[in-house]
Amino acid sequence: MLGAAGRRILGFGLGKRAPASATAWRGYHERVVDHYDNPRNVGSFDKNDPSVGTGLVGAPACGDVMKLQIKVDDTTGKIVDACFKTFGCGSAIASSSVATEWVKGKQMEEVLSIKNTDIAKHLSLPPVKLHCSMLAEDAIKAAVKDYEAKKVKSTGKTEAVQTDKVANA
Amino acid sequence: MLRSSVGELFYKKTAKLGLRFFATGLILGNSHFHSLSPSDFFLCNRAYSVLVRDFVLCGGSQHGLQESKALDRSFYSSSTCSGELPKCWNCGGTAPTSIPFLACESCGSVQPRNLSIDFFQIFGLERSHDIKDDNLEGKYKDWQKKLHPDLVHSKSEKEKMFAAEQSALVIDAYQTLRKPLLRAIYLLKLGGKHVDEEKTITDPEMLAEMLEMREAVDEAHDSLTLKKIKAEVEEKFETYSRSFSQAFTSGDFDDAIASIERMRYYDRAIEEIRKKL
């Protein structure tokens, strides 16, 4: 009796749950649970910022919405930061979280070759959740596309900016 | 002869399944069987239930779910090949024409499941999105009073199986028809259009709206704000539900599918709100 109470008190400090049994019981791979419990890169950039590309995609079959944003270094074309906001199942959230981690530090052309199958494999997604990883792949592509489109629009202003930089240097 | 007509019925069923060689053997006689002899076939429990079902269902499978919206009431109890109404396997009573033949009116025996009866027929409704509730729950309970597996626990294994199937069917029908979104998806499915394809959409305006909506739900913590958002989203849901009805009636399936997509997003938001309340 005392032992049980004692265990309960001690058990409190030992963490939320035993990882292995929880994942087996829930049926989600531990990486998916990890991304769900410890989300990385959740947030929002200013979509009007010219160095930000926003990818907004949806899966109508399950009512999911996924927003993935990248912050690009204009001179090198390297993605310096990324964030996401996803409303959907655990697999969708984890897929977009992984996507933001993988695009950081890469060139824009490079991230276009990230395949949904890589994400799915990393998270051990079951077949029924494969489309979640597809959504993440589409989100990356949409973000890059958005950034490029913005860049094209603002090409006229680039020269003026360059001149300013030189003057201030 | 019973055997030859059964054979004929079985041919129709198995032909559909692509097992012509097997069916031909059955019709031509014992000596042509490849895998099963007739006695094996009749002794096998599962096969026997298939046989019974085919006996009742021949003719129903020909008409399937592609029939026009004008309901042919005689399909409640699908006729046999010869055009007769099926009979109860227990007492031989004839099936009624005005209601689905799920249980026999005379002896109460639960009948085998008929795949050609759709959910609307079970509840005596037209195939339409605007069903105005129409005492769905009452009818559902009435059916379960006749079909529920608890009522047949002392009956034969065969009838227990029928009761399990029919009861599950009625539950499916009720759950599908009472929810406007599921009803809409089912209606399109009956017409051969499937909406659950896993595609990605990129419509910026719509997605921005949905994102904003979900964010609002996420950030709301008091029940007053949540109820307010819920009311707004429910109104939008209603709008697109009506839009679906119109699109469906006028045969504009693209518009119908688009309406369903929006309805699903609103439905998800409402679900999240309910969880928080």
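Computed from a predicted model, the values in this text were never measured in an experiment.

Residue and element names in this part refer to chain A. Within strand S2 (residues 64-73), eight of the ten residues are buried, which leaves it mostly tucked inside the rest of the structure. What sits between strand S1 (residues 52-59) and S2 in their antiparallel hairpin is a turn of four residues, with Gly 63 showing a positive phi close to 70 degrees. Bridge count between S2 and strand S3 (residues 78-87): nine bridges; the pairing is antiparallel. Bridge pairing links Ile 70 to Ala 82 in S3. Taken together, S2 and the strand that follows it, S3, pair antiparallel across an intervening segment of four residues, in which Gly 77 is found at a positive phi of about 75 degrees.

Residue-level contacts link 20 residues of chain B with 18 residues of chain A. Summing both partners gives a buried area of about 1,600 Å² for chain B against chain A, and 63% of it is carried by carbon and sulfur. Ranking the residues of chain B by area buried against chain A places Thr 200, Leu 211 and Tyr 265 of chain B at the top, with a combined share of 31%. A salt bridge links Lys 85 of chain A to Glu 215 of chain B; its shortest N-O distance comes to 3.0 Å. For the pair chain B and chain A, the interface holds nine residue pairs in polar contact (both at pLDDT 80 or more). Of the residues in the side of chain B that touches chain A, the class split is seven nonpolar, two polar and eleven charged.

Moving on: the nonpolar core. Of all hydrophobic cores here, the largest spans 57 residues; its most connected members are Phe 120, Ile 122, Phe 123, Leu 188, Phe 244 and Ile 260 of chain B. Per element, the largest residue contribution to this core is nine residues, and it comes from helix H12 (residues 253-276) of chain B. There are two domains that each give this core at least three residues, and those are domain 2 (73-178) and domain 3 (204-276) of chain B. In terms of nonpolar packing, the next biggest core, distinct from the first, is built from 31 residues, Ile 70, Ala 82, Cys 89 and Met 108 of chain A among them.

The next subject is the domain arrangement of chain B. Segmentation of chain B into domains returns domain 1 (2-65), domain 2 (73-178) and domain 3 (204-276). Here the C-alpha centre of domain 3 of chain B lies 34 Å away from the C-alpha centre of domain 2 of chain B.

What makes a disulfide is a covalent bond joining the sulfur atoms belonging to two cysteines. Residues and elements named next belong to chain B. Under the definition given, this model contains zero disulfides over all chains. Of all cysteine sulfurs in the structure, the one in Cys 91 sits closest to Cys 104, which takes part in no disulfide; the separation is 3.6 Å. Taking relative accessible area as the criterion, Cys 104 reaches 4% and is therefore assigned buried. Among the cysteines around Cys 107, which has no disulfide bond, Cys 91 carries the closest sulfur, lying 3.5 Å off.

With that out of the way, let us pick up the pairing of S1 of chain A. Residue and element names in this part refer to chain A. Of all eight residues that make up S1, eight are buried, and the element is covered over most of its length. Looking at chain direction, S1 and S2 are connected through eight bridges and run antiparallel. Bridge pairing links Leu 56 to Lys 67 in S2.

Among the structural elements, Ser 97 of chain A can be located in helix H4 (residues 90-103). Filtering out sequence-adjacent residues up to four positions away, Ser 97 of chain A remains in contact with His 35, Arg 40, Asn 41 and Phe 84 of chain A.

Turning our attention to helix H10 (residues 204-219) of chain B. Here H10 of chain B contains 16 residues, and its C-alpha end-to-end distance of 22 Å stays within 8% of the 22 Å for a straight helix at 1.5 Å per residue. Contacts from the buried residues of H10 of chain B go to S1, S2 and S3 of chain A together with helix H11 (223-249) and H12 of chain B. Between the side-chain oxygen of the N-cap and the backbone nitrogen of Glu 205 of chain B there are 3.2 Å, and the N-cap of H10 of chain B in question is Asp 203 of chain B.

Thresholds, definitions, all that
Residues numbered from 1 in each chain as written. Chains lettered and ligands numbered in written order. Predicted model: local features only at pLDDT ≥ 70, side-chain atom pairs only at ≥ 80, totals over all residues. Heavy atoms only, no water. Buried < 20%, exposed > 50% of the residue type's maximum accessible area, 1.4 Å probe, protein only. Helix = DSSP H or I, 4+ residues; strand = E, 2+ residues; numbered from the N terminus. Pairing = 2+ DSSP bridges. Contact = heavy atoms within 4.5 Å. Buried area = accessible area lost by both parts, 1.4 Å probe. Salt bridge = Lys/Arg side-chain N within 4 Å of Asp/Glu carboxyl O. Polar contact = N/O pair within 3.5 Å; in protein donor to acceptor, adjacent residues only side chain to side chain. Nonpolar A, V, L, I, M, F, W, Y, C, P; charged D, E, K, R; others polar. Core = buried A, V, L, I, M, F, W, Y, C linked by side-chain atoms within 4.5 Å. Domains from an automatic or database assignment. Disulfide = S-S within 2.5 Å. Expected span 1.5 Å × (residues − 1).

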